[in-house]
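Understanding the architecture of this molecule
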Amino acid sequence: MASSSFNFVHFLIYGLCFATLVSSSLENELKKPETPLGAINDAKFSNLTQSGKQYVGYNLYMSFIDFIEHCHKLGLQPANVLTKEENDVLTTYLDGNFADPKYFWLGGADIGREGRYYWIASLSEFTFTSWGPGYPNGGRDENCATIYGGDGSWYDQYCTNDGVQPLCQTIP
Ligand SMILES: [Ca+2]
């Protein structure tokens, strides 16, 4: 009797240890990789736009959803571009501070509303646009907007593409 309750206690202890190990390794697996702090500290901001905001891009590469969270976690917003003046400030900034191929996420998508792009930060539809000739052209496959920093033109892209750089803005 004593021996079987001893075994039961051992069984409980081993069981608890195993459960702890499994849950902590699951937790590690679910944790997102930390954004390198240096990349944030080294971030340069654009000039102020007339509406009083600044853009900030990062030399990081990620999917659209990770980009939205990246800005959100930093207390910033995913970038929106509401006027030609803003697109010009942004293009000058991206062209002058980043190396090719400088494709950046804009905080806009037509997910769930094919053909009707809206800004994540304001939930308002695109009014000003700077689409490259013939774009957007990806239909229901490409639903997230990017800007090419070389000339300020926009392209639709697969939202899951993890090779695009994040572009945030200060909250005006
Ligand atoms: Ca689309």
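For the structure itself, look to the data block above.
If you're wondering where the values come from, they're calculated on a predicted model, not measured in any experiment. (Residues numbered from 1 in each chain as written. Predicted model: local features only at pLDDT ≥ 70, side-chain atom pairs only at ≥ 80, totals over all residues.)

**Topic: the sheet that holds strand β1 (residues 55-57)**
With antiparallel pairing, three strands are arranged side by side in an open sheet as β1-β7-β2. Each edge of the sheet is formed by a strand with only one pairing partner; in this case those strands are β1 and β2 (77-78). (Pairing = 2+ DSSP bridges. Helix = DSSP H or I, 4+ residues; strand = E, 2+ residues; numbered from the N terminus.)

**So, the sheet that holds strand β5 (residues 144-148)**
One open sheet accounts for four strands, arranged β4-β3-β5-β6; its pairing is antiparallel. One side of each edge strand has no neighbouring strand; the edge strands of this open sheet are β4 (118-119) and β6 (153-157). Strand direction decides the pairing type here: strand β3 (residues 103-109) and β5, joined by four bridges, are antiparallel. Opposite W105, over in β5, you have T146 as the bridge partner.

**Remarks on helix α4 (residues 84-97)**
Here α4 contains 14 residues, and its C-alpha end-to-end distance of 20 Å stays within 8% of the 20 Å for a straight helix at 1.5 Å per residue. Check the buried side of α4 and you find it contacts β1, β3 and β5. (Expected span 1.5 Å × (residues − 1). Contact = placed C-beta atoms within 7 Å.)

**A closer look at the nonpolar core**
A general trend in soluble globular proteins is that nonpolar side chains are found buried together. If you look at the biggest cluster of nonpolar residues, it comprises 30 residues, and the most contacted ones within it are L90, F104, W105, L106 and L167. Every element with two or more residues in this core is listed here: β1, α3 (64-73), α4, β3, β5 and β7 (167-169). Per-element accounting of this core gives the leading share, five residues, to β3. Discounting chain neighbours no more than four positions away, the residues touching L106 are A79, V81, A145, T146, I147, W154 and L167. (Core = buried A, V, L, I, M, F, W, Y, C linked by C-beta atoms within 7 Å. Buried ≥ 20, exposed ≤ 12 C-beta atoms within 10 Å, placed from the backbone.)

Bear in mind that shape data such as this cannot, by itself, settle questions of function.
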